[in-house]
Each structure stands twice: as structure tokens, then as C-alpha cells.
Amino acid sequence: MNNKLVFLGLLYFVQGIPYGLQSSLLPVYLRGAGHSLTRIGFTKMLYFPWVLKVLWAPLVDRIGTKRRWLVATVSGLALTCLTSSALAPEMHIWGVAGTLLAMNTLASVQDIAVDGAAVGLLKGRGELGLGNTAQVVGYKAGSVFAGGGLLAVIDVAGWSWMFMLLAFVYAGVALFVWGAPVLDDEPARGQQADGSRRGGQGVDALMPWRVWRKLLAVPGTAWTVLYVLTYKLGEQGAVTMFPLFLLDHHMSARELGFWNGVIAMGFSICGSSLGGLLLAQFSIGALMRRVFVLRTISMVFQSSLLTVLEPSALMKGMAVLSMSVQHFLGGLITTLTFTTMMHCTQRAEESIQATHYSFLATLEVLGKLMFSALAGGVVDWFGFQVAFLFFLTLSAGTALHVWTATFTGALREHQLKEQPK
């Protein structure tokens, strides 16, 4: 089991690097250069390949092996970082945007392969909880490394050396995956499955709508689709805009890089880790009902801080506390969410499991992406106070949706099946 966790954690770590670059480093850089919140929000469109990944997920399911897909995509990320190291963001902003778009494309394909590997490797509720903890913690650790860590040292190291370092990291991981024993039994398993499903897969490849029909017919998919589209809306608006409010009124870019990019994200990793431990003891439904209520309360506290515009040590302390609590609860919720998604996917037949999980993960990204892109416009039009009231309303609505599901919907089913023995 430890080998599985190290393998998955490392792959999700390098997968989180592009997100950290774009979520923490790029917005602060653009805001410091005087760009509007609306324009900064639209940079979220660089995540668009994550929305399209469900279109090529069947190819990853059916062509080649997971090992080959992983080695190819991670090696491509290393080459992309080498290209970016030769660019100066002040002079080649569109070139930098292009390399970040390429990184997202490669990382999205890598995500399909590693998710498919995880679905096959993780067995039982205990492994699912720990595996999804490795997924979320690894991804966020990569985000912290690229966003908070590199933002704090970019003034010293410079843009080129930063991307050279990332290129070496990706190259090392590609070599690790190529020799990883965790996937040694994959070809035999794939050949055996292929022999039993060859005829059906051939028909499905020619008629992709049959695959979509199978995806939607998996029990629990309808509720999970609605949930993953909406569960992060209010939180995502607050997490995206609150650091920029602090940049405008209270903190410097370097301070934000440390407090939001490192400390708060450290709390997020702690929350994600705790989620995996709690899942071994309690049902998903019971945990989600309580955590979503706590998240709504924390957003009330954070929204109240927007009324304090004058810089002060007390305000900075309350802001750091607010971001830390919000990221801690957000990390806990993310682990619970991805475990719920994997539970749903494991009900699907093996031939479409990677596609089914990628479908859910794509919708999860789509919900966050679209709202993140619009959140800056909402703040520019209505101001921080009104915008955060809107974010708070969305968060409360999601908490009500989850609370209801624990008694009458899909989460009630989880509770009945997963009571500790």
C-alpha cells in the first residue's frame, strides 16, 4: 500500500504544479502590473484543456498502457518548462500563456491516466480513503511548491531558473514512473480484460454515444454530477478574490506568497490529510454534513473582514486566520468529494471506469473554472462586500443540498453501507 501511495502522491504532486503557477503566482504578478480583476479572472481560461479532457479520456482507456501515457505526458511537461525558461514574461506574455496552456493540456491527459491507475490500484474503503488523501495532498503540495514557494523566491532566482528547476523535477518523475513496479502487472491485466471485452469495445469505439449512455446509467451519477458542478462555487469565489482584496489594502505580494501560498495551503493539506483519516472511521455523508456547515460559518467570518480597509496588525492576523480555516475546510471537503466520485466510478464496468471518473473530474473542474473566471467581474461590478454576500449565499445553498442528500439522497446510501463495524 505504501508503494501505491508514494506512486500516486508523486504523480499528483507534479500535476499540481501548473495549477500553483496560475492560481497563486500569475494573479499576483498581473495585479502588481496593474491589470483589472476582470482580466485576471479571464486567465482562468488557460485551464480550459481540463474541461475537454473527457473527449480524449476513451483514448487513454483503450490505447497503450497507463505507464506509457504517464511517461509521455510528464516528459512533455519537462520540455514545456524548458521552453518557458527561455521566455521573459514582461516581453513574451502571450508566449508564457501558450506554455501554460500546453502544460494544462499535458497535465489533463496525465490526470486521466493516473486516475485510471488509481481506480484499479485502490481496493476497499481503507485504501480509497488513503489513496484519495495522497491524491489531494500531493496535488496541493505541488501547488504550494509552484505557487507559494516559487513566488517567494522568484525575485531572487528569476523566471528562467525557476522553470529550469521545474524541468528537472518533471524529468526525474518521468524516470521514476518508467521503472515503477506498481504498474508491472498492468499489461497482463489489460490483455485479460481485452480478451473478454474486445467485441463490445469495438462497437463502442465506433458509437461513442453508447459510452455516454453507460456513463450516465451508473448508479449515483446524476446526483454526483450536480454536486461536483456546484460544491465549490461560493468557496472558489472567496478563495480567488480574498487574497486580491488583501493585496489592494493590507499585504504585499511577498507577504501573500508566504501567508496564502504557503501557510494557508499548508492548512489545506492538513485538512485533506485529516479527511483520509476520518474516512476510515466515519461515513462520508456524516462528515460532509458537518464540514459544509462549518465552511459556511467560516465564510461569514471572512466576509465580515471586508469592512476593515485600514492596514493593521490585527487585520492581517484575522485575515491569515480566515484564509487558514477556509483552506483547511476546503481541503477536507475536497478529499471527501474525490472519494465520493471514486465510489461512484467503481460501480461502473471496468472498460469505462477511467472515462467515467474523468467525466466527473471534468465537471468538477468546469464548475470551479467558470465561476473563477466570472468572480473578478462580479467584484469589479458590485464591489467586494456585495460579491462576498453572493459567495456566502452559494456556499449556504450547497450546504443545504448536501444536508438533504445525507437523509434522502446518494449520501444516505453511503451512510447505510459504510457504518463502522
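The rules behind these values
- Residues numbered from 1 in each chain as written.
- Predicted model: local features only at pLDDT ≥ 70, side-chain atom pairs only at ≥ 80, totals over all residues.
- Heavy atoms only, no water.
- Helix = DSSP H or I, 4+ residues; strand = E, 2+ residues; numbered from the N terminus.
- Buried < 20%, exposed > 50% of the residue type's maximum accessible area, 1.4 Å probe, protein only.
- Contact = heavy atoms within 4.5 Å.
- Areas by Shrake-Rupley, 256 points an atom, 1.4 Å probe, with all protein chains shown as cover.
- Core = buried A, V, L, I, M, F, W, Y, C linked by side-chain atoms within 4.5 Å.
- Expected span 1.5 Å × (residues − 1).
- Bend = angle between axes of the 7 residues up to and from the residue.
- Phe/Tyr/Trp six-rings, centres within 6.5 Å; stacked < 30°, edge-to-face > 60°.
- Lys NZ or Arg CZ within 6 Å of the ring centre and 35° of its normal.
- pLDDT = per-residue confidence, 0-100.
- Patch = residues over 30% accessible without salt bridge, like charges linked within 9 Å, V, L, I, M, F, W, Y side chains within 5 Å.
- Salt bridge = Lys/Arg side-chain N within 4 Å of Asp/Glu carboxyl O.
- 1 Å grid on protein atoms, 1.4 Å probe; cavity = no way out; pocket = protein on both sides within 12 Å on 5 of 7 lines; lining within 4 Å.
- Points joined across faces, edges and corners; volume = space filled by probe spheres on them.
- Nonpolar A, V, L, I, M, F, W, Y, C, P; charged D, E, K, R; others polar.

### Quick word on the overall build of the protein
Line of reasoning, step 1. Broken down by element type, the protein carries 16 helices and zero strands.
Line of reasoning, step 2. Looking at the protein as a whole, 56% of its 421 residues qualify as buried.
Line of reasoning, step 3. Considering only contacts within the protein whose residues lie at least 6 apart along the sequence, 86% involve residues at least 24 apart.
Line of reasoning, step 4. Accessible surface, the protein as shown: approximately 17,500 Å² in total, 70% of it carbon and sulfur.

### Observations regarding the nonpolar core
Line of reasoning, step 1. Ranked by size, the top nonpolar core spans 72 residues in total, and within it F7, L11, L21, M103, Y170, Y227 and F292 carry the most contacts.
Line of reasoning, step 2. Among the elements that make up this core, the one with the highest residue count is helix α5 (residues 93-121) (twelve residues).
Line of reasoning, step 3. Core analysis: the next-biggest nonpolar cluster, separate from the first, contains 27 residues, F245, L247, L306 and V320 among them.

### Considering helix α12 (residues 253-279)
Line of reasoning, step 1. Given a rise of 1.5 Å per residue, 27 residues ought to cover 39 Å, and the 37 Å separating the end C-alpha atoms of α12 matches this to within 8%.
Line of reasoning, step 2. The largest bend in α12 is about 25 degrees, located at M265.

### Focus on the packing of aromatic side chains
Each aromatic ring pair is described using two quantities: the centre-to-centre distance and the angle formed by the ring planes.
Line of reasoning, step 1. Using the criterion set out here, one finds nine aromatic pairs in the structure.
Line of reasoning, step 2. With a centroid separation of 6.1 Å and an interplanar angle of 25 degrees, the aromatic rings of F242 and F245 are classed as stacked. Pair noted here: F242 and F245 are both in helix α11 (residues 233-249), with a separation of three residues, about one helical turn. Across the pair, exposure class does not vary: F242 and F245 are buried alike.
Line of reasoning, step 3. Judged by centre distance (6.3 Å) and plane angle (45 degrees), the ring pair of F390 and F391 falls under tilted.
Line of reasoning, step 4. By relative accessible area, which is 38% here, F390 ends up partly exposed.
Line of reasoning, step 5. With a relative accessible area of 0%, F391 lands in the buried category.
Line of reasoning, step 6. Members of the aromatic cluster, connected to one another through ring pairs, are F242, F245, F384, F388, F390 and F391.
Line of reasoning, step 7. Above the plane of the ring of W403 lies R289, whose end atom (NZ or CZ) is 5.3 Å from the centre.

### Here's the deal with the confidence of the model for the protein
Low pLDDT means the predicted atomic positions in that stretch should not be read closely.
Line of reasoning, step 1. Per-residue confidence for the protein averages 77 on the pLDDT scale, and 77% of its residues sit at or above 70.
Line of reasoning, step 2. For the stretch residues 188-207, pLDDT sits under 50, and the model shows twelve contacts to residues farther than four places along the chain or on other chains.
Line of reasoning, step 3. In the predicted structure, residues 415-421 sits below a pLDDT of 50 and forms twelve contacts with residues beyond four places in sequence or in another chain.

### Re a nonpolar patch on the surface
Line of reasoning, step 1. Taken together, V293, L294, I297, W403 and F407 make up a surface patch of nonpolar side chains, about 470 Å² in accessible area.
Line of reasoning, step 2. Those elements that provide at least two residues to the nonpolar patch are α13 (284-304) and α15 (353-408).
Line of reasoning, step 3. Mapped onto the elements of the fold, V293 is located in helix α13.
Line of reasoning, step 4. A relative accessible area of 34% means that V293 is categorised as partly exposed.

### Looking at empty space enclosed by the protein
Line of reasoning, step 1. Within the structure shown, the criterion is met by four cavities of 30 Å³ or more.
Line of reasoning, step 2. Counted as a void, the largest cavity has a volume near 890 Å³.
Line of reasoning, step 3. At the level of elements, α1 (2-32), α3 (48-62), α5, α6 (124-157), α11, α12, α14 (313-345) and α15 are the ones that each hand at least two residues to the lining of the largest cavity.
Line of reasoning, step 4. Top contributing element to the lining of the largest cavity by residue count: α1, with seven residues.
Line of reasoning, step 5. Here the lining of the largest cavity is built from residues that sort into 19 nonpolar, 18 polar and nine charged.

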